[in-house]
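Examining the three-dimensional arrangement
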Number of protein chains: 4
Amino acid sequence: MSKLKISIAGGSGYTGGELLRLLMTHPQVEISQVTSERFKGKPVARLHPNLRKRSELKFSSLSELENCDVLFLCLPHKSSSKKINEFLGIAEKIIDLSGDFRLNNADDYKKWYGEEHPNEEFLGKFVYGIPELHREEMKNAKLISSAGCNATAVILGLYPLYKNKIIDIKKSVAEVKVGSSESGNESTPASHHPERAGCVRSFMPTGHRHTGEIIQELSFGEKIDFNFSATSIDMVRGVLATSHVFLNEDLDEKDIWKIYRKEYSGEPFIRIVKENDGIYRYPEPKLLAGSNYCDIGFEKDRNSNRVVVISAIDNLMKGAAGQAVQAFNIMNGFQETTSLEFTGLHPV
Amino acid sequence: MSKLKISIAGGSGYTGGELLRLLMTHPQVEISQVTSERFKGKPVARLHPNLRKRSELKFSSLSELENCDVLFLCLPHKSSSKKINEFLGIAEKIIDLSGDFRLNNADDYKKWYGEEHPNEEFLGKFVYGIPELHREEMKNAKLISSAGCNATAVILGLYPLYKNKIIDIKKSVAEVKVGSSESGNESTPASHHPERAGCVRSFMPTGHRHTGEIIQELSFGEKIDFNFSATSIDMVRGVLATSHVFLNEDLDEKDIWKIYRKEYSGEPFIRIVKENDGIYRYPEPKLLAGSNYCDIGFEKDRNSNRVVVISAIDNLMKGAAGQAVQAFNIMNGFQETTSLEFTGLHPV
Amino acid sequence: MSKLKISIAGGSGYTGGELLRLLMTHPQVEISQVTSERFKGKPVARLHPNLRKRSELKFSSLSELENCDVLFLCLPHKSSSKKINEFLGIAEKIIDLSGDFRLNNADDYKKWYGEEHPNEEFLGKFVYGIPELHREEMKNAKLISSAGCNATAVILGLYPLYKNKIIDIKKSVAEVKVGSSESGNESTPASHHPERAGCVRSFMPTGHRHTGEIIQELSFGEKIDFNFSATSIDMVRGVLATSHVFLNEDLDEKDIWKIYRKEYSGEPFIRIVKENDGIYRYPEPKLLAGSNYCDIGFEKDRNSNRVVVISAIDNLMKGAAGQAVQAFNIMNGFQETTSLEFTGLHPV
Amino acid sequence: MSKLKISIAGGSGYTGGELLRLLMTHPQVEISQVTSERFKGKPVARLHPNLRKRSELKFSSLSELENCDVLFLCLPHKSSSKKINEFLGIAEKIIDLSGDFRLNNADDYKKWYGEEHPNEEFLGKFVYGIPELHREEMKNAKLISSAGCNATAVILGLYPLYKNKIIDIKKSVAEVKVGSSESGNESTPASHHPERAGCVRSFMPTGHRHTGEIIQELSFGEKIDFNFSATSIDMVRGVLATSHVFLNEDLDEKDIWKIYRKEYSGEPFIRIVKENDGIYRYPEPKLLAGSNYCDIGFEKDRNSNRVVVISAIDNLMKGAAGQAVQAFNIMNGFQETTSLEFTGLHPV
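Residues numbered from 1 in each chain as written. Chains lettered and ligands numbered in written order. Predicted model: local features only at pLDDT ≥ 70, side-chain atom pairs only at ≥ 80, totals over all residues. Heavy atoms only, no water.

**Topic: the overall build of chain A**
- Helix and strand content of chain A: 11 helices and 14 strands.
- Its C-alpha atoms give chain A a radius of gyration of 20 Å, within 12% of the compact-globule value 20 Å for 348 residues.
- Expressed as lengths along the three principal axes of its C-alpha atoms, the size of chain A is roughly 60 × 45 × 45 Å.
- Counting over 348 residues, chain A shows a buried share of 68%.
- Relative to all contacts within chain A whose residues are 6 or more apart in sequence, the contacts with residues 24 or more apart total 70%.
- Between the centroid of the 44 positive side chains of chain A and the centroid of its 46 negative side chains there is a distance of 3 Å. (Helix = DSSP H or I, 4+ residues; strand = E, 2+ residues; numbered from the N terminus. Rg over C-alpha atoms; globule rule 2.2 N^0.38 Å. Buried < 20%, exposed > 50% of the residue type's maximum accessible area, 1.4 Å probe, protein only. Contact = heavy atoms within 4.5 Å. Lys, Arg positive; Asp, Glu negative; His and termini not counted. Charge placed at Lys NZ, Arg CZ, Asp CG, Glu CD.)

**Remarks on the sheet that holds strand β6 (residues 127-128) of chain A**
Residues and elements named next belong to chain A.
- Read from one edge to the other, the open sheet built from 7 strands follows the order β3-β2-β1-β4-β5-β7-β6, with strand pairing classed as parallel. Among the strands making up the open sheet, the edge pair consists of β3 (59-60) and β6.
- Bridge analysis of β6 against strand β7 (residues 143-145) gives 2 bridges, and the strand direction is parallel. Paired with Tyr128 across the two strands is Ser145, which belongs to β7.
- In the packing of helix α11 (residues 321-331) onto the sheet, contacts are made with β1 (4-9), β2 (29-35), β4 (70-73), β5 (93-96) and β7, and the angle to β5 comes to roughly 160 degrees. (Pairing = 2+ DSSP bridges. Axes fitted to C-alpha atoms, helices over the stretch in contact; angles between N-to-C directions.)

**Observations concerning helix α1 (residues 14-23) of chain B**
- With 9 of 10 residues buried, α1 of chain B is to be regarded as a mostly interior element.
- Looking at α1 of chain B, one finds that the buried residues are Tyr14, Gly16, Gly17, Glu18, Leu19, Leu20, Arg21, Leu22 and Leu23 of chain B.
- Of the surrounding elements, those touching the buried residues of α1 of chain B are β1 (4-9), β2 (29-34), α2 (44-47), β3 (70-73) and α11 (321-331) of chain B together with α8 (193-196) of chain C.

**Here's the deal with the packing of aromatic side chains**
All names here are of chain B.
- Counted under the stated rule, the structure contains 46 aromatic pairs over all chains.
- With a centroid separation of 6.3 Å and an interplanar angle of 65 degrees, the aromatic rings of Phe101 and Phe122 are classed as edge-to-face. Here the residue Phe101 occupies a position in the loop between β4 (93-96) and α5 (106-113), and Phe122 occupies one in the loop between α5 and β5 (127-128), the gap between them amounting to 21 residues. A single burial state applies to Phe101 and to Phe122, both of which are buried.
- Judged by centre distance (6.3 Å) and plane angle (75 degrees), the rings of Trp257 and Phe298 are edge-to-face. Here Phe298 lies in strand β12 (residues 294-300) and Trp257 lies in helix α10 (residues 253-264), a separation of 41 residues in the sequence. (Phe/Tyr/Trp six-rings, centres within 6.5 Å; stacked < 30°, edge-to-face > 60°.)

**Remarks on the relation of the copies chain D and chain C**
- In screw terms, the move from chain D to chain C is a rotation of 180 degrees and a rise of 0.0 Å along the axis, fitting with an RMSD of 0.0 Å. Classification of the inter-copy transformation places it as that of a two-fold axis.
- Most of the interface of chain D is mirrored in chain C, where 100% of its interface residues again form contacts. (Least-squares fit on C-alpha atoms with pLDDT ≥ 70 in both.)

**What to know about the interface of chain D and chain C**
- With 49 residues of chain D in contact, the opposing surface of chain C contributes 49 residues.
- Summed over the three residues of chain D that lose the most area to chain C, namely Val200, Thr206 and Ile279 of chain D, the buried surface amounts to 16% of that side.
- Linking chain D with chain C are 4 salt bridges.
- With a closest N to O distance of 2.4 Å, Glu284 of chain C and Arg201 of chain D form a salt bridge.
- Looking at the side of chain D that touches chain C, the elements with two or more residues in it are α5 (106-113), β8 (173-178), α8 (193-196), β9 (200-204), β10 (227-233), β11 (239-246), β13 (294-300) and β14 (306-313) of chain D.
- When grouped by side-chain class, the residues that make up the side of chain D that touches chain C number 24 nonpolar, 11 polar and 14 charged. (Buried area = accessible area lost by both parts, 1.4 Å probe. Salt bridge = Lys/Arg side-chain N within 4 Å of Asp/Glu carboxyl O. Nonpolar A, V, L, I, M, F, W, Y, C, P; charged D, E, K, R; others polar.)

**Points about the pairing of strand β2 (residues 29-35) of chain C**
- The element β2 of chain C is largely enclosed, with a buried count of 6 among its 7 residues.
- What joins strand β1 (residues 4-9) of chain C to β2 of chain C is helix α1 (residues 14-23) of chain C, and the crossover it makes is right-handed. (Right-handed = clockwise from strand over helix to strand, strands pointing away.)

**Here's the deal with helix α7 (residues 149-163) of chain B**
Residue and element names in this part refer to chain B.
- An ideal rise of 1.5 Å per residue puts 21 Å on 15 residues; α7 measures up with 20 Å between its terminal C-alpha atoms.
- At Gly157, α7 is bent by approximately 40 degrees, the largest bend along its length, and proline Pro160 sits one to four residues beyond.
- Burial runs high along α7: 14 of the 15 residues are buried.
- Following α7 by one or two positions, Lys165 adopts a phi angle in the positive range, close to 55 degrees. (Expected span 1.5 Å × (residues − 1). Bend = angle between axes of the 7 residues up to and from the residue.)

**A short note on the interface of chain B and chain A**
- Contacts between the two partners involve 49 residues from chain B, matched on the other side by 49 residues from chain A.
- Summing the contributions of chain B and of chain A, the shared interface buries around 3800 Å²; its carbon and sulfur component is 55%.
- If you sort the residues of chain B by the area they bury against chain A, Val200, Thr206 and Ile279 of chain B come out on top, with a joint share of 16%.
- Applying the counting rule to chain B against chain A returns 4 salt bridges.

**Overview of the domain arrangement of chain A**
Residues and elements named next belong to chain A.
- According to the domain assignment, chain A contains domain 1 (4-146 + 320-331) and domain 2 (150-313).
- Look at where the C-alpha atoms of domain 1 and domain 2 centre, and you get two points 25 Å apart.
- Of the residues lining the interface, 21 residues belong to domain 1; the matching set on domain 2 comes to 27 residues.
- Between domain 1 and domain 2 the total buried area reaches about 2000 Å² when both faces are included, carbon and sulfur atoms providing 50% of it.
- Of all residues in domain 1, Tyr14, Trp112 and Glu132 bury the most surface against domain 2, accounting for 31% of the area lost on that side.
- The interface formed by domain 1 and domain 2 holds 4 salt bridges in total.
- Here Glu213 makes a salt bridge to Arg102, at a shortest N to O gap of 3.1 Å.
- For the pair domain 1 and domain 2, the number of links is 12 residue pairs in polar contact (both at pLDDT 80 or more).
- Of all the elements in the fold, those that place two or more residues in the side of domain 1 that touches domain 2 are α1 (14-23), α5 (106-113), α6 (131-139) and α11.
- The dominant element in the side of domain 1 that touches domain 2, judged by the number of residues it contributes, is α6, at 4 residues.
- Tallied by class, residues from the side of domain 1 that touches domain 2 come to 7 nonpolar, 8 polar and 6 charged. (Domains from an automatic or database assignment. Polar contact = N/O pair within 3.5 Å; in protein donor to acceptor, adjacent residues only side chain to side chain.)

**Examining the pattern of salt bridges**
- Tallied over the full model, the rule gives 96 salt bridges over all chains.
- Linking Asp301 of chain B and Arg306 of chain B is a salt bridge whose minimum nitrogen-to-oxygen distance equals 3.0 Å. One exposure class covers both Asp301 of chain B and Arg306 of chain B, and it is buried.
- The network of salt bridges with shared partners includes Glu18, Arg21, Arg237 and Asp314 of chain A.

**Section: the relation of the copies chain B and chain A**
- You can overlay chain B on chain A at an RMSD of 0.0 Å; the transform is a turn of 180 degrees with a shift of 0.0 Å along its axis.
- A share of 100% of interface residues in chain B that are also interface residues in chain A marks the association as one of identical surfaces.

So this is what it looks like as C-alpha cells:
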C-alpha cells in the first residue's frame, strides 16, 4: 500500500516537533515537508534535538509547500484562519492545531477571542478534534480542528457526567494546573527560568479562551455556565484539571463509575484511575509524558453533592500532537493507536 | 527588662525548627528548652542545618521540661490534647501549633477528625490563631491554637468578603496547591523524591480537616457550605489558594478593592497584590519563603458573578511558626512584627 | 518463529519496571514471570502505574520461578551472587543487572565492595555489559553483567581516548551529576522530598564502587588512576558525566572528532553532540529520558592539554534496563535496536 | 551618628535587588538613589516584588545621580570600566560588582575577557572583594571590586590549601554547578523555562572568565594551572563547587581540618561542614539561600592523594550582594555582619 504524503506547516514549535516525532515512524505515512520561515534549510533536529540521528529532514518555507494528502497546521494564532483557502489548495484534508476553528460560530469566537474571525464561513465546518466525542464525524471528515489542551483535559473528565445530565449545569468550577510548554517556544520575561521556576502563578483566573470550547462541548443543547481558571506550576509538560461539579441527583461512587464505564469502556486512550491506596491513587500528568492517555479519576464528597473530577494529560500529546495523530488515524481508516503506543515512564 | 523564658515541645520537626530560627534572635526572648525524644542530647543544628554556627542548643526530653513563661507545642496529632493538663503545669501561656484545639466544639472535631476529642472541655478555650481575625482576644489570651496552613491561606483570602456578606455562602470552591513540607519531616513512600518530584497529586480532593476551620471562621453566624480540595505540587514551601466565590450583589473590582482595604489596610502582614502587567500580577508563594506575609489578589469574572481570590503564604511561616510568633508578640505586648521582618527573596 | 520465554527476578523496582516496559512489546519475547516477594499476587501495574491498561501480569514469588530461556536479575546487592547456582538451574542465559558480577576478579571486588564475594569463581565469567566494548563476546555469551549507570556514562565518554592511548592515564577526573532514581525505590530520610528537592549533594566524593568498573574497562593492560566523584541533583532520571582528561600528545578538536568517529560511527546508540550554537550544544540527560542513547560531546581547553568530555544517559535505560535489552538482543541474534526505538522527548 | 548616604547604579537586576534588600534595613545606611534607565520613575518593588510594602523608592536615571558616600555599581559588563572616572566624581568610595576590575593586570584581562580593558590604569587599584583574603586592605580601601560568584566558591574552598602550599599546583580540577540567576534577569532562548528546566547543561566546559580570578588569588607567587568548568542545573540560586586537588605531602583528614581551622576559625561567614552521618554531611547551596555563608567540606580519597573540596554559596549573596555588603561594612568600620544575619531556611 502506498503511503500517505503529509506535510506540517509550522514545524519549529513544540507541537510541530511532537507531530514530527510521532509521524516519522508511522508505517502508513511519508513526511513530505516541514516548514519554518525562520529556520528554512536547517535540519529539523536543530530545533528538535531529540530527533538527532533520527531524522534527516530540513525545514522548507511555507511558500514551497507542495501538494500532499494531509496537511497539519501548527501555525501561530490567526495564521490558519487567514490562509485557509490557500491551504485547501495544497491538501484536501487538513488538521489544524491552532485555536482558529475550534468554536462553531462567530459570536462565540468573538466573545472568547475578542475580535472578528477572518473567515467565519469556515466556523462549524471543522470537526472538533476530540475523538471520544466526535469519532463518527471524523471518519468522513476533511477538516479537523484539534482541541485546546486545557479544554481536552476538562471536557474528557466531565463529558460522561454532562452527557448523562446528572450535573447542575450552572455551578461547575474547574482549575487546571499547567506546565510551561503550553505557551510555546518563544522566551518571554515571564518564561525566564529564575522567574518561572518554582512558580504557582495564577496566569488566567478568568476569561481563558478554552472556556468557550468547554461550554460548546458540554452543553448538550442547554445553556450552561462554566467557571474556569488556569494556574502555571513548575512543570514543563502536563495538565491536571481539578473539576468540581455538583450532582443533581443522589448518586454514589459506584453509580458514577458505571457512567464513566458506559461512556469510555472501549476507549483506547482513556483510563479510569481511582485506587484505595498506593502513591498514584488519582491521575497525575508526570506518568503521561509522551503518551496519549487521558487518565481520569473522581471522588464524591461525603459532606455534599460535590464530585471532584481529576483528569490528566500530556498537553503536547493528548492535548495537541497526539490527539491530532489519533484523529488523523481515524480520518484515514488506520488503526487508531498507530504511532501512539508509548506507555509513558515511571519514575520520571 | 528581663526576657521571657520560652520552651518548644517537639522541636525536631520543620515547624519547631522555624520557631527556633525566629525566636533565637527575638530580643525579648530567651529560649530555655527545645525537646525531642529521639534526638535528646544532640545539637539542634543536627536537625536544622541552617542553624549551624548560630545555635548551641541541644535537645532535651519532654520529661525534663522546666517551668517557663510561654510554651510552644509542636507535637504530633493528639499529643497536645492528651497532655494539655501537664503542659499547663509548666507554663501559664501556651501556643499550640497542632490541630488539636482549632475547632471550638466537640461535634465539629468529631466530624473532621473522625474521632472523639480526648479533652473536649478545652475546645473553645483556645483563641483561634489568626491575628487578623482575633487580635483583640489574643491580647488577653493564655491559650492560642495556631491555625492550619491551608486554612490560613483560604480564610485570609476570603474573610473580608464573608464578613461583609457579599458572597453566596452555599457555593464557594477553594483549591490549594501545596508543597511537600506540609506533611512534616517523616519520609514515606509518597514523599520519596522520584515519586514526589514533578507530581501534581490530588491527595485530598474532599474531606480535608482544614475545611472545618474554614467553615468555623467564615460562618459569621450562618450555616455555610464550603467545597475544599488540596493538590500537592513539586514545591517544598508554600501554599497558593485559588478560591472561587460568587457575589450576591452587583459589585465591580473597585468595590471589592475597597472592602479589602477596609479590612486589611492596617495589617502589617497582608499585602493586596493585583497588577495590570509584569510577571507577578498576582500572589505567588515563592516570593514569600521565609516571610510572614499573606499576599492576596482577586479577579472578577466579566462573564459571571464569580470572583477568583488568590492567596499565598509560606506554610511554615504565616501558615505555622511565623503566625505563632505573631500571636506570641500580640499576647505579650511586643511589637507585632518582631523577628518577622524578613522580606522574602527574589529571584528564588 | 516461537518467542523466547523470559522472566524477571525482582520486578518491583525501577529497573525491573523499565525492563518490563521494554520487553512487553518486544516482538520476539514472551514474558513468563515477574517476581516480587512483597507484592506477589498483585498486578505489576500497581508498582508501575505507567503500565496500567497495558499489562495484566501479576507478580510471582521467586520460589515459583519456572524454567525460561533468559532470566533477568534485578535483585538487591549480593542476592544474585548468593543464588547464582539456583538461577542457572532455571535459565541457561542470565543477564544480571546488579553490581555482583561486574568486576572480573576477587581482589577488585573486595577493594570496591568492602567484603568477600560469595561466589568468586563466577567473577570473570560474565561479559561486562556495555555492547560498544564487548559486542563480539556477547554474541556467544550465556552470562552478562549489566554495567553500572555512572560507569556506563564515564566509560562510553572516555573509551575512544583511552583505547587510542592519547590520555595521561594518571590524571583523569570525572564527576557525575545524578538523579534520584539511581538509589532505587525505597524511601529514606535523604530521599524525603523536602530534603532531596533542590539539593546539590555531594553524596560520594570518593570511594564510589563504580570507580572499579571504570578502571577495569579503561585500563587496556596498564595501571591507571581514576578520580571519580558523584553528586546528586534535583532530577529523577539521568546522568551527566563531566570528565577531565589530559592529552599526552598535541591534538586539536578535529583529531579528537576523528577518534570518536572511528570508534563509534557504526554504533546505533551513540551520538556525538557538539554544536557551535543553539541551546543544546552539548549532551543533556533530559533529552534522553526513556531512550537508550548515550550522547557524547567534548571541548578542548585552549589554555592547556585538557579535554572535557561530557556524556549523558538515562540511568534507567542506557544505564540499566535499556542496555540490558540491547545486550539481550545481541546475545539472541535479534536486531540490536528492537524495543529501544523511543527517541526521547523535547521539551520535557 | 549620621548615616552614610549610598546609591546603587544599575538597580533593576538581581544583584541590585539583593543589595537594596540588604541595605534598606542597614542601621548605618540611608539609600539615596537606585538607578535604572529602562524603569526610571517606576517603584523599585515593580522589579523586586519581594520588596512590596517595604520600600517606597523609585528608580532614577544614571544621569540624575547625586553625590553620595559610597556608590555601588551593578552595571552590565564594561559599563563600570568605561565610566569609572565619572563615577569617581560622584562618590569617593566605590564597590563595583561587575567583572571589570577583578583582574589586576591588563594581560590577564585580555586573556580572559578577549579584549583590551578600556581603562587599564585602574587595574590593580581595586581591592579584590573577598574579605577572608583581603580584609586588611579593605579597611583602608576606596575601591573594591566584588569577586565573581563561581570564583568565590572555588577560592574560599581552596585558599587554605594553596596558601599552605600542600597542593600540587599543576593538577587541580574544579567544576561548579550553578543556578539560573547567575545569568541575570534578561530572558534568552536558553533561559526559556521549557528548555532550562531539568537541564544539566555544560555551558562553559573550558575558558570561563572566572578562571582568571581563581588563578590570580590562589597563585601565591607561583605559576599555577587551574582546570575549571561550569555546568548549569535546575536551580535558581546557588553554586556548589566540587574541587579535586592533589596533596604534595602525606596528610590525613585531621591534618587538613587543622589547616582549615587555622585559616578560618575567626571567620563569621565560613562554616566547615563535614559530618559522619545525617542528610547534610557536606555543604549544600539550598540551605544558604539568602544567607552570606560559604560552607566548606572536604574528603580525602583513601585510594590516592586526592582531596575533594566541596564549597557552597548563594551566588547572589556571598557570590555578589552579600559579599559586597560585607566588604562595605569592613571598609566603613561597621560590624562586619550587619544586615547579613539571615540564617537561611530549612527545608526549602
